[in-house]
Amino acid sequence: MIYSGWRASVAAMVMAAVLGLTASVALAQDKVRLGALRFTSHSGAFVAFEKGYFEEEGLDVEFHFFQAAAPMAVAIASGDIDYGVTAISGGLINLAGKGAIKVIGGALVEEVGVDGQKILVSNQAWDDGVTTPAMLAGRSFGITQTGSSFHYMISQIAAMEGFALSEVSLKPLQKVGAVIGALKSGQIDGWTIVPHIAKALAGGGAVRIIGNVADYIDTYQVTAIFTSSANASDKRDLTTRFLRAYSKGIADFNANMVDRTGGEAGLESTTRLIHRYVYTSRPYEKAAPSIRNGSMRLQPDARLNLASVRHQLEWFKSEGLVDEGITIDQLVDTSYVEIDD
């Protein structure tokens, strides 16, 4: 009886030690604050979170949602968030030039053959004869901020169509929601936006689609993954684990939402997962078509199209929106992911 009691006591101590170790491992998870937009194009992060890929890498991720790219870049520089996924903007580049930010990977990319960002016009502009992107000359165009990705996109459309960007009246409206309202009411003539928003607006009769951004900027690295320069240089293990988990989310997203290799079941389950973050105010039945329509390719393994990033940097310089002396090495840390150059 004494021997049996001793064994029970030892077993209890072993179990307590195991439980204590498990608890300490759980407590040892690194807290990560991740900036995102409530767009389908940010779903690599949503999938990675919901499927436990971040947790598997020892990361306790907390989402911080933004309504435009520039504020997210500022939040990285100030330390309010640790990692971000958004478009390359003039603000981000200038912060990189000051040593505050580094691009470490790629996310959303324009790819001919995969449904991408649309060029939109208001119904009023359409009725006035603005039925192709070439007719945007002399018209107003919505952007969030000067130096945003929207600013870059209309510049490339203008260049290919043969008219000067100065012929377009740019309207900085700060937030995507404000641009949508202005386009629907005819206060602005044109805009570009991801397909899950564009098709929903056009399907409801509020605007018209007149073209595709991919026809003007193929392989455009629309969004990038970025962090503080300190994280990139001093927290390599944390950053590597973050990118590894994010890449798993990207792989699942591409397979189920873009390539549809998971069949109807994979499409359905992933759409429902994304709905927890995108179009949350809509019933699932109404949100699902827009989410599926917005499923653009995300870069496998967070690969980065450096050639596209370099082109964007040079354009921002040419427009006087960033310091002329900023280099691609100041903007991008190429040591984390595969690079297309």
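A brief report on the enclosed structure follows. Since this is a predicted model, take the numbers as computed values, not measurements.

Turning to the overall build of the protein chain, a few remarks are in order. Secondary structure summary: the protein chain contains 15 helices and twelve strands in total. Counting only residues that meet the buried cut, the protein chain has 53% of its 341 residues in that class. Expressed as a percentage of contacts within the protein chain between residues at least 6 apart in sequence, the contacts between residues at least 24 apart total 78%. For the protein chain, the computed accessible surface area is about 14,300 Å², with 53% contributed by carbon and sulfur atoms. When the 29 positive and 36 negative side-chain charges of the protein chain are each reduced to one mean point, those points stand 6 Å apart.

For the rest of this paragraph, the subject is the pattern of salt bridges. Pairing between side chains becomes possible if they bear opposite charge and their charged atoms approach one another. Per the stated rule, a full pass over the model turns up 19 salt bridges. Between Asp128 and Arg139 there is a salt bridge, with its nearest N and O atoms 3.6 Å apart. Remark: Arg139 occurs in the loop between α6 (123-127) and β6 (140-143) and Asp128 occurs in the loop between α6 and β6; sequence separation between them is eleven residues. Under the relative-accessibility criterion, Asp128 is labelled partly exposed at 47%.

With that settled, the discussion passes to the sheet that holds strand β10 (residues 223-228). Here we have five strands laid out as an open sheet, ordered β2-β1-β3-β10-β4, and mixed in their pairing. Two strands in the sheet have a free side with no partner beyond their single neighbour: β2 (59-65) and β4 (101-106). Sheet twist, expressed as the mean angle between neighbouring strand axes with direction ignored, is 30°. In the sheet, strand β1 (residues 30-36) pairs with strand β3 (residues 83-87) via two bridges, with the strands oriented parallel.

This part takes up the environment of Thr227. With respect to the helices, strands and loops of the structure, Thr227 is situated in strand β10. Taking the C-alpha atoms as reference points, Thr227 and Ala75, 152 residues apart in sequence, are found 9.9 Å from one another. For Thr227, the side chain forms a polar contact with the side chain of Asn231, separated by 3.0 Å.

In this section: helix α4 (residues 69-78). Those residues of α4 not exposed but buried are Ala69, Met72, Ala73, Ala75 and Ile76. Seen end-on, α4 carries its buried residues on one side only, within an arc spanning 160°. The secondary structure elements touched by the buried residues of α4 are β1, β3, α5 (90-97), β4 and β10. Backbone geometry just downstream of α4 places Gly79 in the positive-phi region, at approximately 85°.

The subject of this paragraph is the side chain of Thr144. Its place among the elements puts Thr144 in the loop between β6 and α7 (149-161). Thr144 gets classed as buried once you look at its relative accessible area, which sits at 3%. A polar contact of 3.3 Å, which involves the side chain of Thr144, links it to the side chain of Gln145. Look past the residues within four positions of Thr144 in its chain and what remains in contact with it is Phe150, Pro172, Leu173, Gln174, Lys175 and Val176.

For the rest of this paragraph, the subject is the packing of aromatic side chains. Throughout the structure, instances matching the rule amount to 13 aromatic pairs. Between Trp315 and Phe316, the ring centres sit 4.9 Å apart and the planes meet at 70°, which makes this aromatic pair edge-to-face. Among the residues examined, Trp315 registers a relative accessible area of 9% and is labelled buried. For Phe316, a relative accessible area of 0% corresponds to the buried category. Within the aromatic cluster, the residues linked to one another by ring pairs are Phe46, Phe49, Phe63, Phe65 and Tyr277. Over the aromatic face of Tyr336 sits the side chain of Arg236, whose NZ or CZ is 4.2 Å from the ring centroid. Here Arg282 stacks its cationic end above the ring of Tyr279, 3.9 Å away from the centre of that ring.

Counting buried positions along strand β5 (residues 118-122) gives five out of five residues, so the element sits mostly inside the fold. The two faces of β5 match: Lys118, Leu120 and Ser122 on one face and Ile119 and Val121 on the other face are all buried. In the sheet, β5 pairs with strand β8 (residues 190-193) via four bridges, with the strands oriented antiparallel. Across the sheet, residue Val121 finds its bridge partner in β8, namely Gly190. Relative to strand β9 (residues 207-212), β5 runs antiparallel, the two sharing five bridges. Paired with Leu120 across the strands is Ile209, a residue of β9.

Turning our eyes to something else, we now look at the packing of helix α12 (residues 263-275) against helix α13 (residues 284-293). Relative orientation of the contacting elements α12 and α13 amounts to 105°, with a least axis distance of 10 Å. Relative to α13, the element α12 is oriented roughly perpendicular. Packed against α12, whose contacting residues are Glu264, Leu267, Glu268, Thr271, Arg272, Ile274 and His275, the element α13 presents Tyr284, Ala287, Ala288, Ile291 and Arg292 at the interface.

Parameters and conventions
Residues numbered from 1 in each chain as written. Predicted model: local features only at pLDDT ≥ 70, side-chain atom pairs only at ≥ 80, totals over all residues. Heavy atoms only, no water. Helix = DSSP H or I, 4+ residues; strand = E, 2+ residues; numbered from the N terminus. Buried < 20%, exposed > 50% of the residue type's maximum accessible area, 1.4 Å probe, protein only. Contact = heavy atoms within 4.5 Å. Areas by Shrake-Rupley, 256 points an atom, 1.4 Å probe, with all protein chains shown as cover. Lys, Arg positive; Asp, Glu negative; His and termini not counted. Charge placed at Lys NZ, Arg CZ, Asp CG, Glu CD. Salt bridge = Lys/Arg side-chain N within 4 Å of Asp/Glu carboxyl O. Pairing = 2+ DSSP bridges. Axes fitted to C-alpha atoms, helices over the stretch in contact; angles between N-to-C directions. Polar contact = N/O pair within 3.5 Å; in protein donor to acceptor, adjacent residues only side chain to side chain. Arc of directions from axis to C-beta. Phe/Tyr/Trp six-rings, centres within 6.5 Å; stacked < 30°, edge-to-face > 60°. Lys NZ or Arg CZ within 6 Å of the ring centre and 35° of its normal. Parallel < 35°, antiparallel > 145°, perpendicular 65-115°, else oblique.

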